Amino acid sequence: AAPVTNPAQFLDQTERLRTVDHPRFVQMLEQIHHEAPRLTTDEQWHLRYLDAWETMFEGNYATSEAELRDVIDHSGDETLAAKASAQLLNNLATNRRYEEAFALANRVASSLPQVKDPLVRYTLLTGLSQMLDFAGQTDLAIQYARMAEDAVPPGENLCRPLSMQAAALYNGKRLTSASPELQRAIDACVAVGDPVFANAMWLTLGSLYLDENQPVKAMALLDRIAPGIRANHYYPHMLSAQVELAQAYAKLGNDNDARKAALAAVAMSHTGDISEWLMVAYDVLYQVEKRQGHGAAALSYYEHYVTQDKGNLNDVSARALAYEVAQQQMLVQKFETEKLSKQNSILQLQQALDTKAVEAGRLYIALLLVVLASVIFWLYRLKLSQLRFKKLSHQDGLTGIFNHQHFITEADRVLRVLEKKLGLACLVSIDLDHFKQVNDTHGHAIGDVALKHIVVICQQHLRPTDLFGRLGGEEFGMLLLECSRNQGVAIANRIRLAIEATPVETDGRVLSLSASVGVASTDAFGYGLQRLCREADAALYRAKRTGRNRVIADTENDDFVEA
Ligand SMILES: Nc1nc2c(ncn2[C@@H]2O[C@H](COP(=O)(O)OP(=O)(O)OP(=O)(O)O)[C@@H](O)[C@H]2O)c(=O)[nH]1
């Protein structure tokens, strides 16, 4: 053989020959093994994958599986790992490890949407199609095979996807020897020169001929493909070709050759093998012996047939069961994930709610404080305005001293307190003289100024405890506390003198005023306010009458004092 100059290229060529020229593939594989020390890491992984494939082809599935798993887990090569996964799917199913096979199939299927590399995608699709065909899921198997047919990458061809479609249709009992799908697959595999896949299709056609009771056609076909099958040495094909031959002979009534062929098939198998082909082989043997009248032999083969049939039934139901189990596990896993994420969202929602509740709580407290502050502020404002209003309602609008009503109320209250402790007080009534003239001469505004002026003068002579109010237009009242009759007259006179001595100066004008004053004391008239008012008014009246600008006290019996 020519020396290996480009190992990577050599490995690719070797791989392409797997089913196309299997003997040459084995030869090249051996050759590249001599070059192993000078291969790069990637090339060594490629070689390991091809080794695993050949191990599988030879029927050593356990070793093959370990090698494939190594490639999947450690090669770091996506394409190689995908090929190994597809192959492992096949291995697991072949070994009736359906549960694992279908679990892997589900994983592979769910990874498909992320796979962009055309070769990886194609490899996985074909692997899945084969897997689902095993599961008896004809429609899904066809679907994946069609997806593979539409996505054949450079270097690959239509032989595999079309063969898979035909195989799925056959297993689903939807194929006849005249089906165009079968012919297309045969044509494609013949065209690209892939004898292993072509043989698989020929054998399918042979099986259909037998089902359709066309043993002559089956026989002719088997004769034609026999050399190719022998050359490739693929065990499943050698077995099925032998069984089909036995069936053809049996159908043609050639019991001897039928027996010979069926026994050859049985001889190829190992003890404990269970397969549909072996079941058919035993069936042929049973029919032949029965026809020949060999009761004991017939019974013995029939027992074998039943064993195979039962085994196959178990196998078939195991496949279906495994599919269900895997599906269920996937669903459960999905459900668990959903449940977890739901629980998660509930938890997050709860947390969010808690946070919101705390925030809301804080907000409520803040709101409450604001409301409370507003209420307090409002109450405070209300109180202030009430106080202001109260004050205003007690005040004389012009001068700011007590108005008539308030003066009377307060004077009455104070007199009652005074009465209890027998204190002294004087009620003083002051009326400005000829005030009408002031207004008439100078105007009402000047009159107002004069009134305020008088109030200021009076206040200068009063103590804080004394009461002072405006009783009418130009008339004022005072309740002088802790004050005897004489003291009251003296204070009143001082006020009168001050008014007289202090003219109003406004707008460049000087306005002289005078006042007449009446005084009534508690020591003379008691603590009754009405009486005191009356007496003070009488004294004032007398003051006016007797010439104004004077103070009169105690007018009773004309025994009055004039200041
Ligand atoms: N400017 C002003 N004048 C007032 C006010 N209240 C009453 N008067 C005036 O005071 C005057 C009182 O006049 P009269 O009652 O006739 O008494 P009088 O002119 O003071 O004369 P005698 O009391 O007899 O000395 C009237 O002209 C009222 O209009 C006020 O608030 N402002």
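What you see is a predicted model, and the numbers here were worked out from it, not measured in a lab.

## Quick word on the overall build of the chain
The number of helices and strands found in the chain is 22 helices and 8 strands. Per-residue burial for the chain yields a buried fraction of 44% across its 563 residues. If you take every contact in the chain between residues at least 6 apart in sequence, the share linking residues at least 24 apart comes to 62%. Surface exposure of the chain reaches about 29,800 Å², of which carbon and sulfur atoms provide 55%.

## Here's the deal with the packing of aromatic side chains
Applying the stated criterion to the full structure yields 7 aromatic pairs. Aromatic side chains Phe57 and Tyr234 sit 4.8 Å apart centroid to centroid with 20° between the ring planes, which places their arrangement in the stacked category. Separated by 177 residues along the polypeptide, Phe57 in helix 3 (residues 41–57) and Tyr234 in the loop between helix 12 (215–232) and helix 13 (235–251) bring together distant segments of the chain. Classification of Tyr234 as partly exposed rests on a relative accessible area of 21%. Ring geometry for Tyr286 versus Tyr302: centroids 4.8 Å apart, planes at 50°, classification tilted.

## Side note on the site of the ligand
Surveying the vicinity of the ligand reveals 16 residues, the closest of which are His434, Phe435, Asn439, Asp448 and Arg470. Contacts to the ligand include Leu432, whose backbone N or O atom sits 3.2 Å from an oxygen atom. Out of a free accessible area of 660 Å², the ligand has 68% covered by protein chains. Of all the secondary-structure elements, those providing two or more residues to the shell around the ligand are strand 1 (425–432), helix 18 (435–442) and helix 19 (444–459). Among the elements that take part in the shell around the ligand, helix 19 stands out by supplying 4 residues, more than any other. Taken together, the residues that form the shell around the ligand break down as 3 nonpolar, 5 polar and 8 charged.

## Let's talk about the environment of Asn95
Structurally, Asn95 can be placed in the loop between helix 5 (78–94) and helix 6 (98–111). Given a relative accessible area of 34%, Asn95 falls into the partly exposed group. Sequence separation between Asn95 and Ala62 is 33 residues, and the spatial gap between their C-alpha atoms is 9.1 Å.

## Some thoughts on the pairing of strand 6 (residues 515–521)
Across the 7 residues that make up strand 6, a large majority, 7, are buried. Burial along strand 6 is two-sided: Ala515, Val517, Val519 and Ser521 facing one way and Ser516, Gly518 and Ala520 facing the other are all buried. Taken together, the 7 bridges between strand 1 and strand 6 define a ladder with antiparallel strand orientation. Across the sheet, the residue bridging to Leu432 is Ala515, located in strand 6. Sheet topology places strand 6 next to strand 7 (residues 551–553); 3 bridges connect them, and they run parallel.

## Some points on the UniProt feature "transmembrane region" (unreviewed entry) in the chain
Under the local residue numbering, the UniProt record ascribes the feature "transmembrane region" (unreviewed entry) to residues 363–382. The span residues 363–382 is 100% helical and 0% strand by assignment, and the distance between its end C-alpha atoms comes to 27 Å.

## Some points on the state of the cysteines
One pass over the structure, following the stated rule, counts 1 disulfide. At a sulfur-sulfur separation of 2.0 Å, the disulfide partner of Cys159 is Cys189. Here the S-S torsion is close to 95°, and the disulfide linking Cys159 with Cys189 is therefore right-handed. Placement of Cys159 in helix 9 (residues 159–171) and of Cys189 in helix 10 (residues 180–192) is noted, with a sequence separation of 30 residues between them. For the pair Cys159 and Cys189, one class covers both residues: buried. We note that Cys483 lacks a disulfide partner, and the nearest cysteine sulfur, in Cys426, lies 4.2 Å from it.

## Overview of unusual backbone geometry
Not every positive phi belongs to a glycine, and Asn213 is a case in point at roughly 60°. Locating Asn213 in the fold gives a position in the loop between helix 11 (195–211) and helix 12. Residue Asn549 is not a glycine yet carries a positive backbone phi of 50°. As for its position among the elements, Asn549 is in the loop between helix 22 (529–545) and strand 7. Here Asn549 falls in the partly exposed class, since its relative accessible area comes to 22%.

## Here's the deal with a nonpolar patch on the surface
Taken together, the side chains of Val371, Val375, Trp378, Leu379 and Leu382 present a nonpolar region at the surface, about 450 Å² in accessible area. With respect to the helices and strands, the residue Trp378 is situated in helix 16 (residues 295–394).

So, how was this worked out
Residues numbered from 1 in each chain as written. Predicted model: local features only at pLDDT ≥ 70, side-chain atom pairs only at ≥ 80, totals over all residues. Heavy atoms only, no water. Helix = DSSP H or I, 4+ residues; strand = E, 2+ residues; numbered from the N terminus. Buried < 20%, exposed > 50% of the residue type's maximum accessible area, 1.4 Å probe, protein only. Contact = heavy atoms within 4.5 Å. Areas by Shrake-Rupley, 256 points an atom, 1.4 Å probe, with all protein chains shown as cover. Phe/Tyr/Trp six-rings, centres within 6.5 Å; stacked < 30°, edge-to-face > 60°. Near = heavy atom within 4 Å. Polar contact = N/O pair within 3.5 Å; in protein donor to acceptor, adjacent residues only side chain to side chain. Nonpolar A, V, L, I, M, F, W, Y, C, P; charged D, E, K, R; others polar. Pairing = 2+ DSSP bridges. UniProt positions renumbered as here; feature names shortened; annotations may be inferred. Disulfide = S-S within 2.5 Å. Patch = residues over 30% accessible without salt bridge, like charges linked within 9 Å, V, L, I, M, F, W, Y side chains within 5 Å. Salt bridge = Lys/Arg side-chain N within 4 Å of Asp/Glu carboxyl O.

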